[in-house]
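Coordinate inspection notes
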Amino acid sequence: MLKKKEKYVVAVVGATGAVGNEMIATLEGRKFPIEKIRLFASEKSEGKTLQFMGEDIAVETLNENSFKGIDIALFSAGAERSKIWAPIAANSNCVVIDNSSQWRMDPEIPLVVPEVNAHDLKWHKGIIANPNCSTIQMVVVLKPIHDAAKIRRVVVTTFQAVSGTGMKAMDELLQQTTALLNFKEVKCNVYPHQIAFNVLPHIDKFLENGYTKEEMKMVNETKKIMGDDSIRVTATTVRVPVFRGHSESLNIETDKKITPQEVREILEKSPGITVFDVVEKNLYPLPLDVAGKDDVYVGRIRNDESIENGINMWIVSDNLRKGAALNAVQIAEELVKMAN
Ligand code: NAP
Ligand code: 3JN
């Protein structure tokens, strides 16, 4: 448990990455009460410095004693690193907020989106898991609807930005686009196919059931965060040539009838959501507009006319902010509120 203090020693593990960079910016932007920040990355980054509050901070590599004196560590260095280092950190009385999939489905570890299940933070034992970006933006919207009209089934298709894959993927989209516009040959290193001017129905590894790991993360994580195993979820996750901002087409079936207007009113009152739905003026959320913003944006709210109790909508959120860094920092803020 976090001890109450005026200011905390905070670490970012994976500080040089796409998510780590955003974590540093989010801690700074939200004025998180920081006494000292420690930044960790791989040996490749030894000698690098990163800026925090106008100061140059040296990037360190991890060792068994790294977490001594650190109150909170935000991890975004991948599941293998989390598997090794999160328990070591927790044993040093450091609370870990882990962005990887390593601990998400462990029944001993809470999986938290503060707008949905901040109450689960009460039972953490030193490690808290941050969900997958596509799950986070979906459950922020599902929860208030579920409270008003129990959700039976969700059919979701995602349109995910390349920043979800990290720095190298953003570089690959830039390189490929530049190459194509200059009539040069395209190189594919990160994705199995060209991503520039293309759409790939494939995120993370394929599993035996024909789904990808990303799709099954959305199915399983949603049930755990919502605390309801009865919600049926089916997902198709797709990579699109967008730098930042994941979009999702959501189809929801509820137990009882709920109208698009009721959904609009419920979502307008819910935390972390902006309804942006003025189709007469061609207004709906777009990743270009939502990049750099905190909320989950919802538009195209309409009846599913093919079933009795169905709603369709379009949701967009910044995958590096609410999908990763912001959610992790919001968890840290909740821990600070709960500290004693
Ligand atoms: P990225 O841009 O490739 O960055 C990876 C980071 O991990 C870099 O800082 C890298 O340091 C660091 N790292 C690698 N090996 C390390 C080691 N042995 N010790 C310490 N640090 C090490 O990837 P990213 O997009 O930021 O994603 C990082 C991780 O965050 C992912 O693997 C995933 O688990 C998680 N993630 C979660 C979400 C979500 O949906 N919530 C979204 C994206 C990513 P160097 O620069 O020194 O190599
Ligand atoms: O691809 C995306 O848009 C989100 C990617 C998330 C991700 C990337 C690499 C490893 C994860 C994740 O958060 O589930 C992981 C992982 O930790 O398994």
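Residues numbered from 1 in each chain as written. Chains lettered and ligands numbered in written order. Predicted model: local features only at pLDDT ≥ 70, side-chain atom pairs only at ≥ 80, totals over all residues. Heavy atoms only, no water.

Inspection of the region around ligand 2 gives 13 residues, with Ser-101, Arg-104, Gln-160, Lys-217 and Arg-239 positioned closest. Within the side chain of Arg-239, a nitrogen or oxygen atom sits 2.6 Å from an oxygen atom of ligand 2. Burial of ligand 2 by the surrounding chains reaches 75%, relative to a free accessible area of 420 Å². Grouping the amino acids of the shell around ligand 2 by side-chain chemistry returns 2 nonpolar, 7 polar and 4 charged. (Near = heavy atom within 4 Å. Polar contact = N/O pair within 3.5 Å; in protein donor to acceptor, adjacent residues only side chain to side chain. Areas by Shrake-Rupley, 256 points an atom, 1.4 Å probe, with all protein chains shown as cover. Nonpolar A, V, L, I, M, F, W, Y, C, P; charged D, E, K, R; others polar.)

Turning to the site of ligand 1, a few remarks are in order. Around ligand 1, 26 residues are found, and the nearest of them are Thr-16, Val-19, Ser-42, Ser-45 and Cys-133. In the environment of ligand 1, an oxygen atom lies 2.6 Å from a nitrogen or oxygen atom belonging to the side chain of Thr-16. At 2.6 Å from an oxygen atom of ligand 1 is found a side-chain nitrogen or oxygen belonging to Ser-42. Taken by itself ligand 1 offers 910 Å² of open surface, and the protein chains cover 78% of this. Contributing elements (two or more residues each) for the shell around ligand 1: helix H1 (18-29) and helix H9 (321-338). In terms of residue class, the shell around ligand 1 is made up of 9 nonpolar, 14 polar and 3 charged. (Helix = DSSP H or I, 4+ residues; strand = E, 2+ residues; numbered from the N terminus.)

It is worth spelling out the packing of aromatic side chains at this point. All chains considered together, the criterion is met by 3 aromatic pairs. Ring centres 6.0 Å apart and planes at 35° place the aromatic pair Phe-40 and Phe-67 in the tilted group. With a gap of 27 residues between them, Phe-40 in strand E2 (residues 34-40) and Phe-67 in the loop between strand E4 (55-60) and strand E5 (72-75) connect regions that are remote in the sequence. A residue is classified by how much of its surface remains accessible, and Phe-40, at 0% relative accessible area, is buried. A residue is classified by how much of its surface remains accessible, and Phe-67, at 0% relative accessible area, is buried. Aromatic pair Phe-67 and Phe-75: ring centres 5.8 Å apart, planes at 15°, arrangement stacked. For Phe-75, a relative accessible area of 0% gives the class buried. (Phe/Tyr/Trp six-rings, centres within 6.5 Å; stacked < 30°, edge-to-face > 60°. Buried < 20%, exposed > 50% of the residue type's maximum accessible area, 1.4 Å probe, protein only.)

Below, the discussion takes up the side chain of Asn-99. Mapped onto the elements of the fold, Asn-99 is located in the loop between strand E6 (95-98) and helix H3 (114-117). Engagement of the side chain of Asn-99 in a polar contact is seen with the side chain of Asn-130, the distance being 3.0 Å. Beyond its immediate stretch of four places on either side in the chain, Asn-99 contacts Val-19, Met-23, Phe-75, Ser-76, Arg-104, Asn-130, Ala-324 and Ala-328. (Contact = heavy atoms within 4.5 Å.)

Now for the packing of helix H4 (residues 133-148) against H9. Across the interface, H4 lies against H9 with an axial gap of 8 Å and an inter-helix angle of 85°. Relative to H9, H4 is oriented roughly perpendicular. Contacts between H4 and H9 pair Cys-133, Ile-136 and Val-140 from the former with Lys-322, Gly-323, Ala-324 and Asn-327 from the latter. Residues belonging to the contact of H4 with H9 are distributed by class as follows: 4 nonpolar, 2 polar and 1 charged. (Axes fitted to C-alpha atoms, helices over the stretch in contact; angles between N-to-C directions. Parallel < 35°, antiparallel > 145°, perpendicular 65-115°, else oblique.)

Right, let's talk about the sheet that holds strand E8 (residues 151-160) for a bit. The mixed open sheet is built from 6 strands, whose spatial order is E9-E8-E10-E13-E12-E11. Each edge of the open sheet carries a strand with a single partner, namely strand E9 (232-239) and strand E11 (273-275). For this sheet, the mean angle separating the axes of adjacent strands, direction not counted, is 20°. Bridge count for E8 against E9 is 8 bridges, and the pairing is parallel. The residue of E9 that forms the bridge with Thr-157 is Thr-236. Along the sheet, helix H6 (residues 213-226) makes contact with E8, E9 and strand E10 (246-254), crossing E9 at roughly 145°. The sheet contacts of helix H7 (residues 260-268) involve E11, strand E12 (296-303) and strand E13 (310-317), and relative to E12 the element is tilted by about 165°. (Pairing = 2+ DSSP bridges.)

Take the sheet that holds E4 next. Pairing within the open sheet is mixed, and its 7 strands lie in the order E3-E4-E2-E1-E5-E6-E7. This sheet does not close on itself; its edge strands, each paired only once, are strand E3 (49-52) and strand E7 (127-129). Pairwise comparison of adjacent strand axes, ignoring direction, gives a mean angle of 25° for this sheet. When strand E1 (residues 8-13) meets E2, the two strands line up parallel, connected through 6 bridges.

This part covers H1. With 12 residues, H1 extends 16 Å between its outermost C-alpha atoms, agreeing within 8% with the 16 Å of an ideal straight helix rising 1.5 Å per residue. When we look at burial in H1, the residues that qualify are Ala-18, Gly-20, Glu-22, Met-23, Ile-24, Thr-26 and Leu-27. Where H1 is buried, its residues contact E1, E2, E3, E5, helix H5 (167-181) and H9. Lys-31 sits one or two residues past H1 and shows a positive phi near 55°. (Expected span 1.5 Å × (residues − 1).)

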